[in-house]
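For reference, the chains in residue letters:
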There are 2 protein chains.
Amino acid sequence: MIKVGFQGVSGSFSEEALFNYFANDIETIAFHTFEDVFIGVEKGDILYGILPIENSSTGAISDVYDLLNQYNLYIVGEKYIKVRHNLLGVKNSQLSDIKEVYSHPQAFEQSKDYLNQFTNWKLIPYYNTAKSAEYISQLNNKEIAAIGSRKASELYHLNLLAENINSNKKNTTRFVVVGSSLEINQDFNKISMVISTHHKAGALFHVLKNFAENKLNLLKIESRPIKHTPWEYYFYIDFEGHLEDPIVKDAIAHLEKDCTHFKLLGHYKGELQL
Amino acid sequence: MIKVGFQGVSGSFSEEALFNYFANDIETIAFHTFEDVFIGVEKGDILYGILPIENSSTGAISDVYDLLNQYNLYIVGEKYIKVRHNLLGVKNSQLSDIKEVYSHPQAFEQSKDYLNQFTNWKLIPYYNTAKSAEYISQLNNKEIAAIGSRKASELYHLNLLAENINSNKKNTTRFVVVGSSLEINQDFNKISMVISTHHKAGALFHVLKNFAENKLNLLKIESRPIKHTPWEYYFYIDFEGHLEDPIVKDAIAHLEKDCTHFKLLGHYKGELQL
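Criteria and thresholds
Residues numbered from 1 in each chain as written. Chains lettered and ligands numbered in written order. Predicted model: local features only at pLDDT ≥ 70, side-chain atom pairs only at ≥ 80, totals over all residues. Heavy atoms only, no water. Contact = heavy atoms within 4.5 Å. Salt bridge = Lys/Arg side-chain N within 4 Å of Asp/Glu carboxyl O. Helix = DSSP H or I, 4+ residues; strand = E, 2+ residues; numbered from the N terminus. Nonpolar A, V, L, I, M, F, W, Y, C, P; charged D, E, K, R; others polar. Domains from an automatic or database assignment. Core = buried A, V, L, I, M, F, W, Y, C linked by side-chain atoms within 4.5 Å. Buried < 20%, exposed > 50% of the residue type's maximum accessible area, 1.4 Å probe, protein only. Axes fitted to C-alpha atoms, helices over the stretch in contact; angles between N-to-C directions. Parallel < 35°, antiparallel > 145°, perpendicular 65-115°, else oblique. Left-handed = near helix turned anticlockwise from the far one by under 90°. Pairing = 2+ DSSP bridges.

K.L.:
What is the right way to look at the interface of chain B and chain A in this model?
P.N.:
Frequently, the measure chosen for interface size is the accessible area that the parts lose on association. Tallying the contact residues gives 39 residues for chain B and 39 residues for chain A. Along the contact surface separating chain B from chain A lie 2 salt bridges. The salt bridge involving Glu109 of chain B is made with Lys227 of chain A; its shortest N-O contact spans 3.9 Å. Only strand 3 (48-55), strand 11 (172-179), helix 8 (203-213), strand 13 (218-225) and strand 14 (233-240) of chain B provide two or more residues apiece to the side of chain B that touches chain A. Per-element tally for the side of chain B that touches chain A: the top contributor is strand 13 of chain B, with 8 residues. Grouping the constituent residues of the side of chain B that touches chain A by class yields 18 nonpolar, 11 polar and 10 charged.

K.L.:
Sorry if this is basic, but what is going on with the domain arrangement of chain A here?
P.N.:
Taken domain by domain, chain A consists of domain 1 (2-82 + 172-179), domain 2 (86-162) and domain 3 (190-268). One C-alpha centre belongs to domain 2 of chain A, the other to domain 3 of chain A, and the line joining them spans 42 Å.

K.L.:
Explanation requested: the nonpolar core in the structure shown.
P.N.:
For soluble globular proteins, the rule of thumb is that nonpolar side chains tend to be buried together. Of all hydrophobic cores here, the largest spans 48 residues; its most connected members are Phe239 of chain A together with Phe211 and Phe239 of chain B. Contributions of two or more residues to this core are made by strand 12 (190-196), helix 8 (203-213), strand 14 (233-240) and helix 9 (246-258) of chain A together with strand 12 (190-196), helix 8, strand 14 and helix 9 (246-258) of chain B.

K.L.:
Is there a simple way to think about helix 8 of chain B in this case?
P.N.:
Quick reminder: α-helices carry 3.6 residues per turn. Residues three or four places apart thus point the same way. In terms of burial, helix 8 of chain B is largely enclosed, as 8 of its 11 residues are buried. Turning to helix 8 of chain B, its buried residues are Ala203, Leu204, Phe205, Val207, Leu208, Asn210, Phe211 and Ala212 of chain B. The secondary structure elements touched by the buried residues of helix 8 of chain B are helix 8 and strand 13 (218-225) of chain A together with strand 12, strand 13, strand 14 and helix 9 of chain B. Positioned one or two residues after helix 8 of chain B, Lys215 of chain B has a phi angle of 55°, which is positive.

K.L.:
I keep staring at the packing of helix 2 (residues 34-43) of chain A against helix 3 (residues 62-70) of chain A and nothing clicks. Help me out?
P.N.:
When two helices pack together, their arrangement is given by the angle between the helix axes and the distance between those axes. Residue and element names in this part refer to chain A. Between helix 2 and helix 3, the least distance of the axes is 10 Å, while the angle of their chain directions is 30°. If you check the angle between helix 2 and helix 3, you find them roughly parallel. Like other packed secondary-structure pairs, helix 2 and helix 3 cross with a definite hand, here right-handed. For the pair helix 2 and helix 3, the contacting residues are Phe34, Glu35 and Phe38 in the first and Asp63, Val64, Leu67, Leu68 and Gln70 in the second. A class-by-class count of the residues in the contact of helix 2 with helix 3 yields 5 nonpolar, 1 polar and 2 charged.

K.L.:
When you look at the sheet that holds strand 6 (residues 86-89) of chain A in this model, what are you seeing that I'm missing?
P.N.:
By way of backbone hydrogen bonds, the strands of a sheet pair with one another, either parallel or antiparallel. Residues and elements named next belong to chain A. In spatial order, the strands read 8-7-9-6-10; together these 5 strands make up an open sheet with mixed pairing. Edge strands, defined here as strands with exactly one partner in the open sheet, are strand 8 (122-125) and strand 10 (159-162). Neighbouring strand axes in the sheet, compared pairwise and without regard to direction, differ in orientation by 35° on average. The sheet contact formed by strand 7 (residues 100-103) and strand 9 (residues 144-148) spans 3 bridges and is parallel. What sits directly across from Glu100, in strand 9, is Ile144. Lying on the sheet, helix 6 (residues 129-139) is in contact with strand 6, strand 7 and strand 9; it crosses strand 9 at an angle near 160°.

This is the structure:
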């Protein structure tokens, strides 16, 4: 049994991602913040950590991008989890009782069409969906609901007042599994890295040229600010390939030479058909 | 006197940006959400609206990017405002009284080094910095503080318990001014647009090639998800140039042909030295 960590409380989508990713027996440990998960892996308290990195509707989870650049951990896997939000109330509560709803602001955003029907509800932003469920179960007030997962409703003994209330039924979160070493396997086909370029015309283009000329498929590019150098950026790039492929090795060698910052963030098997 | 709008309440950085941008007399109107500002301009209730689009430490304000793509307004100007956070308490309160602090989560993040000294403070996320200042002035409890601007402390008659507590002294927010028509002027030198490309190897590279070959300086690229097509993206691109320059016209003509989505978001004068 291995120890693996996630941010949040039991019943969160992150914990669900862990159970789905690891086929074998795992002991899951909840951490307070994303950074605590990174520290947990670094210290060896957990073997792997899981972190949400992107949602298909709301985009990048920037804190996680920043932490991947800051800590010396590696992405070793990924997992996609469909986000299904539900309106949860305490026992014996009914939809008509509700006056206040607690949840993460992104859950409000993702359930906007449903919530727009109830203009008198007060929406109160809270840490995350699972903590909101836990909190309203403690308040035990029929007028107060939370938006959260089905798993959270079971854990905190809450009523499912409305199911699958998210506007976008395709809404999916991509999670990455991080460990303390780079892993390598024959079936790995995705590489993640972060770079920054000289601040001049064509510098980013010059970098991307490496990929295009070698027919390497660029899957994703995300930019994040360099905090102490306003209006310069780190570019997080995911591309298709195997680290032992000579073409990939050559492209990476060029990047290391051309970029002002280059960091390999991981090598792993993409879950989706590339 | 023209009517101009911003999101938030008086004392916000957005309102400060409006006063700084417009040299002449303006009447400022506060809106509840970013989207309300867009609607206000569209309906003609205000001539221009101002919106924060990016912070030099925390990055893109994604909702504003999404709204720029969704509404048919144009960026006609930009303004940079230094973010200076302060700890505000009610009259007669002292630093040693404080137990709870209200503010926007980004303000907590931006003041992390300062806040880390007070591990017993409970940080409560709230709508924005100015609303937090307004709220704690209503609570009028010596133990409850807010993080906000100096302007907010004056408006809501609060004590400055600690000044300039943001970790990054260079922390700046970029605002864009939007209007209902594209504007054009001899001294304009920035163009913003949003595109999406075919989902295949080299497509984004192919687009950027246009810029590089014509020596057009790419200033910024930001990716946002296409909500109903998971893992495909809109790319928001800012570049240096004038819309009437034949090279720019040609590059744009190529983009319109090559991209699956192309929208000109605005033409304006960049405030910073490019």
